[in-house]
Amino acid sequence: ELPPSEFMQVADSTWLVLNVVSNGREPPGCQATGVTKIARSVIAPLAEHHVSVLMLSTYQTDFILVRERDLPVVIHTLAGEFDIYKEEGGESVPVTCDDVSNGFLKPKPPASPTLHPVQSPQTRFCVLTVAPDTLPAIATMLIDVLFYSHSPPWDAATSSQDLDSITFFSFSLIEGYISIVMDAETQKRFPSDLLLTSSTGELWRMVRIGGQPLGFDECGIVAQIAEPLAAADISAYYISTFNFDHALVPEEGIAEVIQLLQQRQESGR
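Residues numbered from 1 in each chain as written. Predicted model: local features only at pLDDT ≥ 70, side-chain atom pairs only at ≥ 80, totals over all residues. Heavy atoms only, no water.

## Some details on the packing of helix α1 (residues 39-48) against helix α5 (residues 221-231)
To keep things clear, this is the line we draw: Axis definition: a line fit to C-alpha positions, over the contact stretch in the case of helices; interaxial angles, taken between N-to-C directions, run 0 to 180 degrees. Counting from the N terminus, the helices are the DSSP runs of H or I reaching at least four residues and the strands are the DSSP runs of E reaching at least two. Any angle that falls under 35 degrees is termed roughly parallel, while one over 145 is termed roughly antiparallel, one within 65 to 115 roughly perpendicular, and all others oblique. Crossings are classed by handedness, with left-handed meaning an anticlockwise turn of the near helix from the far one by less than a right angle and right-handed meaning a clockwise turn. Contacts between residues were defined by any pair of non-hydrogen atoms, one from each residue, lying within 4.5 Å. Each residue gets one of three labels, nonpolar for Ala, Val, Leu, Ile, Met, Phe, Trp, Tyr, Cys and Pro, charged for Asp, Glu, Lys and Arg, and polar for the others, Gly among them.
Contact pair α1 / α5: the axes reach a minimum separation of 10 Å and the direction vectors enclose 150 degrees. With respect to their mutual orientation, α1 and α5 come out roughly antiparallel. α1 and α5 meet at a crossing whose hand is left-handed. Here Ala39, Arg40, Ile43, Ala44 and Ala47 of α1 come into contact with α5, specifically with Val222, Ala223, Ala226, Glu227, Ala230 and Ala231. Broken down by class, the residue content of the contact of α1 with α5 amounts to 9 nonpolar, no polar and 2 charged.

Okay, here's the thing in structure tokens:
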């Protein structure tokens, strides 16, 4: 419904959403442990089969976006590990490899993925949710943060050095569930009794992947972050955006995360 505009850039591919759930359903109100929970079973196998993914973590669960044209490869790759269902008319219908075998080509082994630089700004972030019926009470503040709290344009010169701070605000509304990521200073502008977080109220630090916009065709970007963190049993909240990927990790673990990723960079050279 959005009119064509010179101000809006649209990627060529159409994407489908995968959601990994336990026993056929996700416990309501349960904050997932992040992308590292599915690193070995989903992210790594898809990267090995040269499937590009976008990740979207929310307060409730995690979503993997894959290009529609890659669906046959995705199903063949994951069918041995998961029961796969598709939604038809609001019902979950089992999917088998036979359903998508037409046109399936076994992918060639991918070349070694590019190890992108990572940056870790000092900004501290909160991962929050809001009850839908209280959303109108903060709507004006949301609009102000989303549209009027502008950050300076990204400059390629910053790619060679760590960022002292980063402006990042993410709002998602998926099937009635709201998820918000904002920095700790922005959180102070909102009524504290309306923003819900985990009982520990933990703060998060960010690792931004990519010194320049990443594009959508490369595979293995999520895996290069998720696999070493999964091996160290570190939770990560992961958000792919149009230009960069962002991993949020608990603040107390940021030093270990940076060390792990630097070791991976050095071993890949």
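## A short note on the nonpolar core
Selection rule: For our purposes a nonpolar core is just a set of buried Ala, Val, Leu, Ile, Met, Phe, Trp, Tyr and Cys residues, chained together by side-chain atoms within 4.5 Å. Relative accessibility decides the category of a residue: with a 1.4 Å probe and only protein chains considered, values under 20% of the type maximum give buried, values over 50% give exposed, and everything between is partly exposed.
Counting 33 residues, the largest nonpolar core has Val35, Ile43, Leu46, Met55, Ile64, Val222 and Tyr238 as its most contacted members. Put simply, the parts of the chain that give this core at least two residues each are α1, β2 (53-57), β3 (62-67), α2 (71-78), β10 (204-209), α5, β12 (245-250) and α6 (254-267). Sort the elements by how many residues they give to this core and α5 lands first, with 7 residues. In this structure, Tyr238 is in contact with Val35, Met55, Leu56, Ser57, Ile209, Ile221, Val222, Ile225, Asp245, His246 and Ala247, ignoring residues within four places of it in sequence. Counting 14 residues, the second largest nonpolar core, distinct from the first, contains Cys126, Leu128, Ile178 and Leu203.

## Overview of the environment of Gln265
For Gln265, the location among the structural elements is in helix α6. Distance in space between the C-alpha atoms of Gln265 and Val118 is 9.4 Å, their sequence separation being 147 residues. Ignoring any residue separated from it by four or fewer positions in sequence, one finds Gln265 in contact with Leu115, His116, Pro117 and Val118.

## Observations regarding the pairing of strand β4 (residues 84-88)
So the rule is basically this: When DSSP locates at least two bridges between a pair of strands, those strands are taken to pair.
Inspection of the sheet shows β4 paired to strand β5 (residues 91-95) by 5 bridges, in the antiparallel sense. Bridge assignment links Glu88 to a residue of β5, and that residue is Glu91. Hairpin connection of β4 to β5: 2 residues between the antiparallel strands, including Gly89 at a positive phi of 60 degrees.

By themselves, these figures tell us nothing about what the structure is for.
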